[in-house]
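One letter stands for each residue in the lines below.
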Amino acid sequence: MFDLGIRIAFAPEATLLAVSAIAGGICLGTISGLTPGLHANNFALLLAGVAPSVPLPPRLIGAAMLAAGVVHTFLDFVPALALGVPDPAMAASALPSHRLVLGGRGREALRLSALGSGLAVVFALPLAIPVTLAMLEIYPVLAERLPVVLTIIAAAVIATEPTNHARKAALLSFVVSALLGVMTLNVPADGILSVGSMLAPLFGGLFGAPVLIDAMRGSGVPRQDDPAVRTTRTSVGGLALLGTVSGAIVGYLPGVSSAIAATLALVSAPSKYGSRGFVVTTSGVNTSNTLFALCALLAFGNPRTGVLVALDRSGAPLAWPLLVAAVLIAAAVGFVLVVVVGDWYIGAVRRLDHVRLSAGVLVVLAVLSGLFAGLIGVAVYGVSTLIGLIPARLGARRVSLMGVLIGPLILGV
């Protein structure tokens, strides 16, 4: 049952310990968010693997893990923005955020991302309880028809591709990734870490490695202009609200990622906002999805994201007042870090050899795959990387690769 009771105890020592645990989670989330190619799911499972050895009460471990996950949703935009930037001649086919970087507006993009994620937290707070209560009534109906619902969502994602060629490429990417999921998700993970999972090599290969490989072919980051935001407050607020609502809708559905929610939200967003609208909306969706997935875990007992799967596997109790406090503190710190650290990060990447940097992170992802799933995990990482290259090479969005989770759910395997 969704317990709305509030129990508050004033204990200075316990409060200090809780804040310290949350601060530790924020530090870890900062490291993971700024590590290019490291997906939130991979990092969450890494936390779950080491959690049993941390000498803290399980509820504080859970708060730290959630804080890390929230900060990660703020900061993962930073390496995505700074890396994977193509040659200027390829700007027309680049992600909207990369087009801003190529135009010297990367610092503005960072601030738009911070606003999108920060406002998502603000909007999610008053929506959390009414949306969750509504989903308690609606979800049983959706659960009975989950394969149909997921099929409709997958079809909508593919249909939103701009051209017929791109739609065919997206369909191919979805089918191939779905087959990959069917063949690998239930394979026993025999890694060194106690919480092994095939999610690490799958997500590292499908979504992390291809971006890094493309970054090696690019020209690096050009010089950036001033950070002034060239979008009205009303527009930013409206786009962040759209992202929040979209993230809320899919936060209760298993296998439906924030990337899918962002794609559907962008179809509803007026095209006049262009690249800036893309950044605000997708950032809002990314953070909102994590927050409403927490509500889904509290209400239904089923984790919907990698961070919450790790939280659930760690055995941490769902002490929701503590978890909400962790979310709020982490969101406030994450908002500041995107701006402060983001500017420094872009400058640092400009000075580094982006080919060596990308190659180094590719090796790190391979090592993580081995830690989570052994030698077979490294093999899956390699195969996933090849499949992950399909959408970009054929002109489709990478979101179609979420077939790796949606496909098996549709088929019931």
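Quick look at the structure, then. (Residues numbered from 1 in each chain as written. Predicted model: local features only at pLDDT ≥ 70, side-chain atom pairs only at ≥ 80, totals over all residues. Heavy atoms only, no water.)

Some words on the overall build of the protein chain
Here's step 1: Broken down by element type, the protein chain carries 17 helices and zero strands.
Here's step 2: For the protein chain, the residues scored as buried account for 54% of the 413 residues in total.
Here's step 3: Restricting the contact set of the protein chain to residue pairs at least 6 apart, pairs at least 24 apart contribute 84%.
Here's step 4: Element-wise, carbon and sulfur atoms account for 70% of the exposed surface of the protein chain, whose accessible area totals about 17,300 Å². (Helix = DSSP H or I, 4+ residues; strand = E, 2+ residues; numbered from the N terminus. Buried < 20%, exposed > 50% of the residue type's maximum accessible area, 1.4 Å probe, protein only. Contact = heavy atoms within 4.5 Å. Areas by Shrake-Rupley, 256 points an atom, 1.4 Å probe, with all protein chains shown as cover.)

So, the side chain of Ser-384
Here's step 1: Looking at the element boundaries, Ser-384 is found in helix H15 (residues 354-388).
Here's step 2: Its relative accessible area of 0% is what places Ser-384 among the buried residues.
Here's step 3: Residues within four places of Ser-384 in sequence aside, it is in contact with Leu-180, Pro-201, Leu-202, Gly-205 and Leu-206.

So, the packing of helix H10 (residues 233-250) against helix H12 (residues 274-300)
Here's step 1: Two elements in contact, H10 and H12, have axes separated by 7 Å at closest approach and are oriented at 40 degrees. In terms of crossing hand, the pair formed by H10 and H12 is right-handed. Contacts between H10 and H12 pair Val-236, Leu-239, Ala-240, Gly-243, Thr-244, Ser-246, Gly-247, Ala-248 and Val-250 from the former with Gly-277, Val-280, Thr-281, Gly-284, Val-285, Ser-288, Asn-289 and Phe-292 from the latter.
Here's step 2: Among the residues forming the contact of H10 with H12, the class breakdown is eight nonpolar, nine polar and no charged. (Axes fitted to C-alpha atoms, helices over the stretch in contact; angles between N-to-C directions. Left-handed = near helix turned anticlockwise from the far one by under 90°. Nonpolar A, V, L, I, M, F, W, Y, C, P; charged D, E, K, R; others polar.)

Describing the packing of helix H8 (residues 164-184) against helix H17 (residues 403-411)
Here's step 1: In contact at an axis separation of 7 Å, H8 and H17 are set at 70 degrees when each is read in the N-to-C sense. The angle between the axes of H8 and H17 places the two elements in the roughly perpendicular class. On the side of H8, the interface is formed by Phe-174, Ser-177, Ala-178, Gly-181 and Val-182, while H17 contributes Gly-403, Val-404, Ile-406, Gly-407, Pro-408, Ile-410 and Leu-411.
Here's step 2: Across the contact of H8 with H17, the residue classes break down as eight nonpolar, four polar and no charged. (Parallel < 35°, antiparallel > 145°, perpendicular 65-115°, else oblique.)

Brief notes about the environment of Ser-246
Here's step 1: With respect to the element layout, Ser-246 can be found in helix H10.
Here's step 2: Look at Ser-246 and you get buried, because its relative accessible area is 13%.
Here's step 3: As a C-alpha pair, Ser-246 and Asn-286 span 40 residues in sequence and 9.6 Å in three-dimensional space.

Concerning helix H9 (residues 199-216)
Here's step 1: With 18 residues, H9 extends 25 Å between its outermost C-alpha atoms, agreeing within 8% with the 26 Å of an ideal straight helix rising 1.5 Å per residue.
Here's step 2: At Gly-205, H9 shows its largest kink, close to 40 degrees.
Here's step 3: For H9, the buried fraction is high: 15 of the 18 residues fall into the buried class. (Expected span 1.5 Å × (residues − 1). Bend = angle between axes of the 7 residues up to and from the residue.)

Describing a nonpolar patch on the surface
Here's step 1: Taken together, Leu-171, Val-175, Leu-179, Val-182, Met-183, Leu-411 and Val-413 make up a surface patch of nonpolar side chains, about 660 Å² in accessible area.
Here's step 2: A total of five residues in the nonpolar patch trace back to one element, the largest contributor, which is H8.
Here's step 3: By the secondary structure assignment, Leu-411 is in helix H17. (Patch = residues over 30% accessible without salt bridge, like charges linked within 9 Å, V, L, I, M, F, W, Y side chains within 5 Å. Salt bridge = Lys/Arg side-chain N within 4 Å of Asp/Glu carboxyl O.)

Looking at the side chain of Ser-283
Here's step 1: Residue position: Ser-283 is located in helix H12.
Here's step 2: A polar contact of 2.9 Å, which involves the side chain of Ser-283, links it to the side chain of Ser-113.
Here's step 3: Excluding residues that lie within four positions of it along the chain, Ser-283 makes contacts with Ser-113, Gly-116 and Ser-117. (Polar contact = N/O pair within 3.5 Å; in protein donor to acceptor, adjacent residues only side chain to side chain.)

Concerning the packing of aromatic side chains
Here's step 1: Applying the stated criterion across every chain, the model contains two aromatic pairs.
Here's step 2: For the ring pair Trp-344 and Tyr-345, a centre distance of 6.4 Å and an interplane angle of 75 degrees mean the geometry is edge-to-face.
Here's step 3: Take Tyr-345: its relative accessible area is 9%, and that puts it in the buried class. (Phe/Tyr/Trp six-rings, centres within 6.5 Å; stacked < 30°, edge-to-face > 60°.)

So yeah, pure geometry; function would need other evidence.
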